[in-house]
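Descriptive analysis of the structure
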Amino acid sequence: MAYRHERLSGLFVVDGEGRPVRHLPGPWPLEDAHRFAARRGLGFEVRTLSREEYLDLTARAHDAVP
């Protein structure tokens, strides 16, 4: 899932049940991220997150890349 929250953006890798596994902050080209997911048979979505959603996902991610 690609996200945007205020001035932040990045990717969350989620498992089959929607739980965040990895957080990859930073500006990711959406076309490239979508192509990567499609080639591997993975779902892909783009979302604008509220503050609460962003904090919840970052707190629950098992791993994060600075």
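These remarks concern the structure in this document. Keep in mind the model is a prediction, meaning the values are calculated, not measured. Throughout, a residue's number is its position along its own chain's written sequence, starting from 1. Residues qualify for local features only when their pLDDT is at least 70, as the model is predicted, and side-chain atom pairs are given and counted only at 80 or more; totals for whole chains, interfaces and linings, by contrast, use all residues. Side-chain numbers come from the whole structure's heavy atoms, not from hydrogens or water.

1. A few points about the overall build of the protein chain
Of the regular secondary structure elements, the protein chain holds two helices and five strands. The helix and strand sequence of the protein chain, counted from the amino end, reads β-β-β-α-β-α-β. We compute the radius of gyration from the C-alpha atoms alone; for a globule the expected value is 2.2 Å times N to the 0.38, where N is the number of residues. Whereas a compact globule of 66 residues would reach a radius of gyration of roughly 11 Å, the protein chain reaches 11 Å, a difference of no more than 12%. Put simply, the protein chain has 66 residues, and 27% of those count as buried. Partitioning the contacts of the protein chain with sequence separation of at least 6, the portion at a separation of at least 24 is 49%. Values of accessible area rely on a 1.4 Å probe in the Shrake-Rupley scheme; residue burial ignores everything except the protein chains shown. If you sum the accessible surface of the protein chain, you get close to 4,900 Å²; carbon and sulfur atoms cover 53% of it. In the protein chain, the 10 positive side-chain charges and the 10 negative ones have mean positions that sit 5 Å from each other. Where helices and strands are cited, they refer to DSSP runs of H or I of at least four residues and of E of at least two residues respectively, numbered from the N terminus. Using a 1.4 Å probe on the protein chains alone, a residue whose accessible area is under 20% of its type maximum counts as buried, one over 50% counts as exposed, and one in between counts as partly exposed. It only takes one pair of heavy atoms within 4.5 Å for two residues to be counted as in contact. Positive residues here are Lys and Arg, negative ones are Asp and Glu, while His and the chain termini are left out of the count. A charge is said to be at NZ when it belongs to Lys, at CZ for Arg, at CG for Asp and at CD for Glu.

2. Some remarks on the side chain of Ser9
Examined against the element boundaries, Ser9 turns out to sit in strand 2 (residues 8–14). With a relative accessible area of 18%, Ser9 lands in the buried category. Contact partners of Ser9, with chain neighbours within four places excluded, come to Tyr3, Arg4, Pro25, Gly26 and Pro27.

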